[in-house]
Amino acid sequence: MTKMISGFSKLTKEEKINWLVENYFDNNSNAINTIKQYWHDDKKLQQLHDDFIENTVSNFYLPMGVAPNFLINGKEYAVPMVTEESSVVAAASLVAKFWSTKGGFKTTVLGTTKIGQVHFMFAGDTATLERYFKEKKIALVAATASITKNMEKRGGGILDIKLVDKTAELENYYQLHITFETKDSMGANFINSCLEAIAGEFRNDAIEIVMSILSNYVPECLVRAEVSCKIEELGVPNPQKFVEKFYQAVKIAEIEPYRAVTHNKGIMNGVDAVVIATGNDFRAVEAGVHAYAARSGKYTSLSHCAIDDGVFKFWLDLPLALGTVGGITALHPLAKLSLEMLQQPSAKELMQIIATAGLAQNFAALRALTTSGIQHGHMKMHLQNILNQLGASLREKEKITRFFEGKTVSHAAVVSKFEEINKR
Ligand code: MEV
């Protein structure tokens, strides 16, 4: 029998779940219990979550942790992080503390410009199109007046509209390339609404609009985070050797794409965790950041390192389109709480905090990789996951954790110890 269904979205939540478990689960009551276990008792709060997306059946929890002791441009922060990966929050906390005694992190916003495009086809003469665009330019901006009114009051709006000829790459293809300032909002809805109004005004018999959409590639919405100190002030064993290996690790990521992807993934461990905690769009950030890493035509490291006159310097530039108003930032209670924890930052300040989280994470990974390796610390943290998987009791967890102190943790070793305890 087919499992295709029409009108699924019209079913009540209970009906959706019943249909789902009847069709896709062998053990109906187990599935129903798991789904309902994560419903919130507070009906209003549950309704809020139900309404974020469509066909909601439950809530998917991720842990929210805090990395304290971040010093950024002289200001102290406790940074909220949402991630499923063990070691990420611990690493951020350790590195935050480490750099807090060496002047902390310094950050600069290098730009806040966002981009949207109207993609269209025009088969006529380019000079005619250019004339038409020139005549229309003021009307194109005017067509967005009702949308841009509030944004302009906040100091944002449309910065410029350019006609771009792309016919050398695709026959008859042109764009309106539009730049925006969206202040404290991420601006996706604002930009897309403006683009559709502009496209509507620009359209004529000879112009076929293909689509109007913002770009998640935002190389001019850019922030830099850096740390630096004298090599001997690093306070690590054999600091000269440490910085040399660290420098080599960064250089390898600069020239070797296989390594660069993993290197940058480590940066995104920190970035995404704060992006999610603050209710921002991590897919947009991921897409934009990796495109930026490949901007030269070859995928490369997002972070860089220099050793000059006995001074170690480590930094990264990240394109980050973020919002501290709009979207779910004020709607999701924990996103709201995260922003409160960060002392209600502007979008610019949040860019700086998030770039710092990325740099801290990268520093932690490279420090571990070039010294003890990451598995020692990682498996220590992973021990709790393995014990949870095995269904260990609190007493068993304590006993096994104590047993593995100073020893190498492996999945097999933990299972074997667990079985040994339970055999007795
Ligand atoms: C693991 O999530 C991240 C690392 O692989 C990053 C890196 O290799 O730099 C440790």
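Relevant structure appears above.
What this report covers is the structure whose coordinates are included nearby.

Right, let's talk about the overall build of the protein for a bit. Counting secondary structure elements, the protein contains 15 helices and 10 strands. Across its three principal directions, the C-alpha atoms of the protein cover 85 × 70 × 40 Å. In the protein, which comprises 424 residues, the proportion classed as buried is 45%. A fraction of 70% describes how many contacts in the protein between residues 6 or more apart in sequence connect residues 24 or more apart. Within the structure as shown, the protein displays about 22,300 Å² of accessible surface, and the carbon and sulfur contribution to it stands at 54%. Taking the 46 positively charged and 46 negatively charged side chains of the protein as two groups, their mean positions are separated by 6 Å.

Attention shifts here to the side chain of Q46. Relative to the assigned elements, Q46 resides in helix α3 (residues 43-52). Among the polar contacts made by the side chain of Q46, one reaches the main-chain amide nitrogen of H40 at a distance of 2.8 Å.

Another point: helix α4 (residues 88-100). A rise of 1.5 Å per residue sets the reference length of α4, with its 13 residues, at 18 Å; its end C-alpha atoms lie 18 Å apart and thus fit the reference within 8%. The inward-facing, buried residues of α4 abut β1 (64-72), β2 (75-82), β8 (222-230), α9 (257-277), β10 (311-319) and α12 (347-370).

Ranked by size, the top nonpolar core spans 64 residues in total, and within it F70, W99, F312, F314 and L320 carry the most contacts. Broken down by element, this core gets its largest block of residues, 11 residues, from α12. Discounting residues that sit within four places of it in the chain, F314 has contacts with A225, E226, V227, F246, V250, S303, H304, C305, L359, N362, F363 and L366.

Definitions and limits used
Residues numbered from 1 in each chain as written. Predicted model: local features only at pLDDT ≥ 70, side-chain atom pairs only at ≥ 80, totals over all residues. Heavy atoms only, no water. Helix = DSSP H or I, 4+ residues; strand = E, 2+ residues; numbered from the N terminus. Buried < 20%, exposed > 50% of the residue type's maximum accessible area, 1.4 Å probe, protein only. Contact = heavy atoms within 4.5 Å. Areas by Shrake-Rupley, 256 points an atom, 1.4 Å probe, with all protein chains shown as cover. Lys, Arg positive; Asp, Glu negative; His and termini not counted. Charge placed at Lys NZ, Arg CZ, Asp CG, Glu CD. Polar contact = N/O pair within 3.5 Å; in protein donor to acceptor, adjacent residues only side chain to side chain. Expected span 1.5 Å × (residues − 1). Core = buried A, V, L, I, M, F, W, Y, C linked by side-chain atoms within 4.5 Å.

Limitation: the analysis is restricted to geometry and does not speak to function.
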